[in-house]
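Single-letter residue listing:
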Amino acid sequence: MANNPSIIVKRLILVGHRKNYQIAFESGVNIIYGDSATGKSSILELINYLLGSSKFIYDEEIETAVKYAALEVELNGVIYTISRDIFSSTRPIEVCASNFESIGDVFPKKFAPNYSGDDGLDGFFSDFLLSALNLPILKVREAPSQFDSPMVRLSFRDIFKYCYLKQDDVGSKQLLSVANGVLYSKNKQTFRYIFNLLDSSITELEQEIHNVNLKKVELARKYKSVSDFLRETQFETAINLSDISDELQKQSNSLKSELDRINSSMVANNETYLYLKESLDVFSIKFVGVQGARKDSELSIERFSRLKNDYIGDIEKLKAIQQAQILIGTPTVAAFSCPICDTKVDLSRIKAEYKIDDSDKANHEINALTRRIRDIDGVIQAERDKLLLLSQESDILSNDQAKARRLLDEESKQMITPYLSERDGISVELATVNEKIRQSDHFLKVRNQQQLIFTEVDRLENNIAVLTEKLAILKKNTPSIVSILADLGNLLSKFLVKVNIKEPRNISINATNFLPILRNRNYVDITSGGLRTILSIGYFLSLFEHSISHSSNIPAFLMIDTVGKYLGKTQSQYGETVRAEDEKENVADPIKYSNMYEYMINLVDRAALKEIPCQIILVDNDVPLAIQQKYAGFVTAHFSSEGVNDLPFGLIDDAHLQKN
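(A) Just the packing of helix H11 (residues 481-499) against helix H14 (residues 590-609), in detail. Where H11 contacts H14, the axes come no closer than 8 Å and their chain directions differ by 135 degrees. Between H11 and H14, the crossing angle belongs to the class labelled oblique. Judged by the sense of rotation from one axis to the other, the crossing of H11 with H14 is right-handed. Only Lys-592, Asn-595, Met-596, Glu-598, Tyr-599 and Arg-606 of H14 make contact with H11, whose side of the interface consists of Leu-491, Lys-494, Phe-495, Lys-498 and Val-499. Residue classes in the contact of H11 with H14 are distributed as 5 nonpolar, 1 polar and 5 charged.

See the structure below:
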């Protein structure tokens, strides 16, 4: 088998405001499952976005928690970190030839996210991906049947449609936009490109080899010029720069320790300073206490003054009552008729019963209030005397504070002076060393960039070798559409038999639209959504499996969102199916569900035995219990919307804490 392209996603990192959120992947099968609304599909959509999709629809948790997204990915064995702004899809996509932790050690390349953007940066992102995967960058006719049809670029995104089975596409009658003439025409051209079936494949491939060779020659010339310049300027080697940087870092750490020692000595080595500092602290604490007592005393004076004023007001009211009684006079009749009920009211009897005498009660109350006022005056005066003493004590403490602070400043000046010159000298030396570290790091990035140019030249040479091999295969034995479709049909049949669908017969690939046929019925004519789910997954897996054993232009990489669509538990969420047909096909049979997982896991195991890199990332609402138990090692993430069994709530695992 020729060297086919390979994509292995290593890590998805969301660089956040509170922390970074990441999920790691392995070669082979990766299973992500859990409750609905836990962000499972968003993980696949983020990977898709970081591989050039035109948009990513983010939810509130991501909007408030994340700055940008990064994907650590291995393309044909080379590690890259792709960084992209989640909130603006038109901004350049940055690519560093390093893992995520080392992106600061290299200069990033910036690519236009689509062909309509400005390629004044480092080119188009799609071209970078195709080149990194050693795939020819070709143009195809927009309408192959029309001779004068315009030529359009065939992009990485066109190929990736056959590597990502989205949730809406699993089991859909609109698989690969079959009903959209323009889109599906491009998809069919892409299908031909994947299997080297384009009529112009040989000519286009020869032109691509020529273009890649020109680019390699240009880069090789650039590498020589850079290398000559660095050699003539006696630029340090990358190894020496790394050693110099390490040595400078040691010096920086040593100087920082020396500064810490001096700062500690400036305080710890002087008893007078410590005594004055302790005295100042005591004065400060006492001053705060006295100020608090003064405030309490002032509040007491204010409170008692208000009470005194209330008593004075009461006395004035009582005196007014007395004056009114004098003016009105006292009643002379001892008994009189009630003006309401005509009964006799005996005033003398009432006074006797309630012990009311004719003495002047108002005078007694006035005298009592007068005595209280005198008592309050005494309390107020005592508080005023206390406030005066507190004010005097506050002034004394303030003066003591000022004196202690002045003495402390003088003592500090005398104590610090012997250290100042030493500390200043170390500070200057530390600043110099830190500047040298900055320069050394920059020089090291220059050397790293030189190495990246060399690596790129080497990769282009390998690319030319791969393309030349493909060209030789095409010239010697150009594959036929009949043989390709037959191979894919056989692989699909093997999958359907393993899944154990009913009547796995008359299975093939339609020669017109390149979609599956089962029991002589086209994919779009099958009414059971569950059966279409199994067929669509099997179809994509047949492309995946073919790339493992044959030369092609598609990586052995596949993402499937919602494997169990229409297969029982997720059936009620979707409407594009005839339930009676689902029941007739018995698609909810858990054995079928489990067999699909078994097939995929066995498939990547066979690839591993051949040492062929491949990866399948699956998202599902649930996973068969047998699979959970037997293949627990394949579970990459398990989410719970309620945090059951301490499971994470989603990739943004602290979003629920921010809501509470």
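Anyway, onward from the coordinates.
(B) The arrangement of the pattern of salt bridges in detail. Across all of its chains, the model carries 19 salt bridges by this definition. Where Asp-127 meets Arg-153, a salt bridge forms, and the shortest distance between an N and an O atom there is 3.2 Å. A residue pair is termed long-range when its members are at least 10 positions apart, and Asp-127 in helix H3 (residues 125-132) and Arg-153 in strand S9 (residues 151-153) qualify at 26 residues. Relative accessible area serves as the criterion here: at 34%, Arg-153 is assigned to the partly exposed category. Arg-306 is paired through a salt bridge with Glu-302; the nearest N and O atoms lie 3.0 Å apart. Pair noted here: Arg-306 and Glu-302 are both in helix H8 (residues 271-328), with a separation of 4 residues, about one helical turn.

(C) Representation of the sheet that holds strand S5 (residues 78-84). Strand order across the open sheet formed by 6 strands is S2-S1-S4-S5-S6-S7, with antiparallel pairing between neighbours. The outermost strands of the open sheet, each flanked by one partner alone, are strand S2 (21-24) and strand S7 (109-111). Sheet twist, expressed as the average angle between the axes of neighbouring strands with direction ignored, equals 20 degrees. Bridging between S5 and strand S6 (residues 93-96) involves 3 bridges; their strand directions are antiparallel. The residue bridging Thr-81 from the neighbouring strand is Cys-96, located in S6.

(D) Quick peek at the packing of aromatic side chains. What the rule picks out here adds up to 17 aromatic pairs. With centroids separated by 4.3 Å and ring planes inclined at 20 degrees, the aromatic side chains of Phe-191 and Phe-514 adopt a geometry described as stacked. Taken together, the residues Phe-191 in helix H5 (residues 181-194) and Phe-514 in the loop between strand S13 (508-509) and strand S14 (516-518) connect sequence positions 323 residues apart. Its relative accessible area of 0% is what places Phe-191 among the buried residues. Taken together through their ring pairs, the aromatic side chains of Tyr-80, Phe-111, Phe-125 and Phe-128 make up a single cluster. Sitting above the plane of the Tyr-115 ring, Arg-153 keeps its charged end 4.4 Å from the centroid.

Cut-offs used in this document
Per-chain numbering applies: the sequence of each chain, read as written, is numbered from 1 onward. Per-residue local features are limited, in this predicted model, to residues with pLDDT of at least 70; the limit for side-chain atom pairs, both in listing and counting, is 80 or more; totals at the level of whole chains, interfaces and linings are taken over all residues. Think of the side-chain values as coming from all heavy atoms in the structure, minus any hydrogens and water. Only the stretch in contact is used when fitting a helix axis, every axis being a line fitted to C-alpha atoms; angles between N-to-C directions are given from 0 to 180 degrees. For helices the rule is a DSSP run of H or I covering at least 4 residues; for strands it is a run of E covering at least 2, with both sets numbered from the N terminus onward. Angle categories are assigned with fixed cut-offs, so that under 35 degrees is roughly parallel, over 145 is roughly antiparallel, 65 to 115 is roughly perpendicular, and the rest are oblique. Whether a crossing is left-handed or right-handed is set by the direction in which the near helix is turned from the far one by less than a right angle, anticlockwise for left-handed and clockwise for right-handed. The criterion used for residue contact is that any of the two residues' heavy atoms lie within 4.5 Å. Each residue is assigned to one class: nonpolar for Ala, Val, Leu, Ile, Met, Phe, Trp, Tyr, Cys and Pro, charged for Asp, Glu, Lys and Arg, and polar for all the others, Gly among them. Salt bridges are identified by distance alone: a Lys or Arg side-chain nitrogen within 4 Å of an Asp or Glu carboxyl oxygen. Only protein chains enter the calculation, and the probe is 1.4 Å; a residue is then buried if its accessible area is under 20% of its type maximum, exposed if over 50%, and partly exposed in between. Two strands form a pair only when DSSP identifies at least two bridges running between them. Each Phe, Tyr or Trp ring (for Trp, its six-membered ring) is paired with any other whose centre lies within 6.5 Å, and the angle between the two planes then decides the class: stacked below 30 degrees, edge-to-face above 60, tilted in between. Throughout this description, the term charge over a ring refers to an Arg CZ or Lys NZ atom that lies within 6 Å of the ring centre and within 35 degrees of the ring normal.

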